Amino acid sequence: MRLPISPQVRRALVALTATAVTAGTAVGPAVASGHPAKPPKSATPGAPGGEAKKEPPAGMSQAGGAQLGKPGDQLGAGAPALPPGLSALSWVVADADTGQVLAARNAHWPLPPASTLKMLFADTVLPGVPHDASRKVSDEDLKGMGDGSSAVGIVPGQTYKVPDLWRGVFLRSGNDAVHVLAAMNGGIDKTVADMQKKAESLGAKDTHVLSPDGYDAPGQVSSAYDLALFLRSGLKNKDFKEYCGTASADFPGGPNTKGKPFGISNTNRLLSGIEGVSKYPGLIGGKNGYTTNAGNTLAEAAQRDGHTLVVTVMNPRENKRDEVYTEMRQLLDWGFTAVGKATPVGTLDPAAPPASGDGKAGAATGAAAGSSDSGLGTLGWTGIGAAVVVAGGAGVLALTRRKKAKPRTDAVS
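Quick caveat, the model's predicted, so the values are computed rather than measured.

What counts, and at which threshold
Residues numbered from 1 in each chain as written. Predicted model: local features only at pLDDT ≥ 70, side-chain atom pairs only at ≥ 80, totals over all residues. Heavy atoms only, no water. Phe/Tyr/Trp six-rings, centres within 6.5 Å; stacked < 30°, edge-to-face > 60°. Helix = DSSP H or I, 4+ residues; strand = E, 2+ residues; numbered from the N terminus. Buried < 20%, exposed > 50% of the residue type's maximum accessible area, 1.4 Å probe, protein only. Salt bridge = Lys/Arg side-chain N within 4 Å of Asp/Glu carboxyl O.

A. View of the packing of aromatic side chains. Taken as a whole and assessed by the stated rule, the structure comprises seven aromatic pairs. Ring geometry for Phe 170 versus Phe 240: centroids 5.2 Å apart, planes at 80 degrees, classification edge-to-face. With a gap of 70 residues between them, Phe 170 in helix α4 (residues 162–172) and Phe 240 in helix α8 (residues 238–244) connect regions that are remote in the sequence. Relative accessible area serves as the criterion here: at 1%, Phe 170 is assigned to the buried category. The interplanar angle of 55 degrees and the centroid separation of 5.9 Å between the aromatic rings of Phe 251 and Phe 262 together place this pair among those described as tilted. Of this pair, Phe 251 sits in strand β6 (residues 248–251) while Phe 262 sits in strand β7 (residues 262–265), placing them 11 residues apart in sequence. This pair shows no difference in class: Phe 251 is buried, exactly as Phe 262 is. Each residue in the set Phe 121, Trp 166, Phe 170, Phe 240 and Tyr 243 is aromatic and connected to the rest through ring pairs, giving one cluster.

B. Up close: unusual backbone geometry. Positive phi, normally seen in glycine, also occurs at Asn 106, with a value near 45 degrees. Inspection of the secondary structure puts Asn 106 in the loop between β3 (100–105) and α3 (118–125). Note on Asn 106: relative accessible area 6%, which makes it buried.

C. Inspection of the pattern of salt bridges at higher detail. Inspection of every chain in the model, using the stated rule, returns 10 salt bridges. Close ionic contact of Asp 349 with Arg 232 constitutes a salt bridge, the shortest N to O distance being 2.9 Å. One end of the pair, Asp 349, is in the loop between β11 (346–347) and β12 (397–399); the other, Arg 232, is in helix α7 (residues 224–234), and 117 residues separate them in sequence. By relative accessible area, which is 11% here, Arg 232 ends up buried. Within this structure, Arg 269, Glu 275, Arg 321 and Asp 322 form a network of salt bridges that share partners.

Shown next as structure tokens:
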């Protein structure tokens with residue numbers, strides 16, 4: 001059961017727990033000028049040193065099939081061996097066309113989603129904001145952005161077209177662009193409520209929305225299963241698919257560029273190939289995110305030999321640079337090997353019956369398993385004393401954990 005949180009209480013909690021951090025995209029003077037700073041080249045974070053081992057809750061949702069509610073790795077008959085060394089707390093590999101989940105680890109573990117929650121924002125707001133609209137941005141539009149928010153560099157007083165705002169959301173994980181689009185959707189509170197309603201309509205029972213941009217807030221969670229639902233839903237919208245698959249673009253400039261556009265690259269490195277990460281062949285696109293609280297999160301869709309896969313990865317624990325992209329690449333490769341051979345362990349269509357155990361993918365019989373919401377008490381990471389950090393695939397962020405004196409500042413995802 002989720003406890004109701006009023007907008008006033010939510011804002012007060014975020015204000016009390018937020019800690020100032022430095023973002024890897026445009027902040028401070030760079031944001032004011034509309035010309036974003038270049039993210040630093042430093043190691044992608046993994047498991048914070050000395051942190052206790054995290055365990056999935058005992059009673060996870062069974063939406064999409066009873067097997068998806070079980071802890072640990074879930075494989076069906078005929079599945080090839082998983083790649084060795086996968087360290088993510090949770091992940092899902094699914095066929096986007098059939099909805100079959102080919103394999104999963106702790107699929108319904110509610111965890112902080114970071115900026116991958118922007119996929120749900122886009123699912124919710126894209127259909128309602130006219131594509132040909134524009135907005136002159138006011139200070140009020142950007143009011144309430146979390147300290148250190150990742151940003152594309154929107155300047156108050158300047159007019160932006162909706163497609164530019166969406167490129168700011170998907171390419172630079174711009175919380176400033178999210179806030180402007182939320183204002184066009186009727187405001188932050190309405191947008192958060194709309195997102196929660198959209199999540200529930202998609203069968204995303206693990207998701208609890210408190211911010212439209214993924215900025216950390218105590219109790220805001222999603223799951224690898226739900227992120228797969230959000231991306232799969234988004235791929236049905238041609239604009240979503242275009243924006244999430246755009247590797248680079250020009251963005252309207254500010255005073256420091258004398259109004260001239262400046263180039264932005266997608267912080268999703270498997271798509272853009274920046275910072276030494278090779279592009280993944282056949283990648284359609286997706287969304288990445290990072291906060292110290294959430295770790296690295298990533299959702300991707302790719303196509304090969306007539307099959308489209310959706311893969312989600314949450315919080316790899318191996319402390320190596322670009323580990324989230326390494327594990328995503330391994331799971332995509334595994335998925336294309338397994339599709340058509342492995343018996344599904346569940347489905348992305350929560351109301352549909354689970355797959356049979358006949359050893360052949362595609363046969364779906366039996367009764368659908370019910371879903372249940374996981375209590376916030378199972379999360380083990382929240383607390384009023386925890387400092388809040390900004391979501392963003394390119395942000396340099398910090399979190400002061402409970403009973404720790406110093407914040408831990410980490411690098412871009």
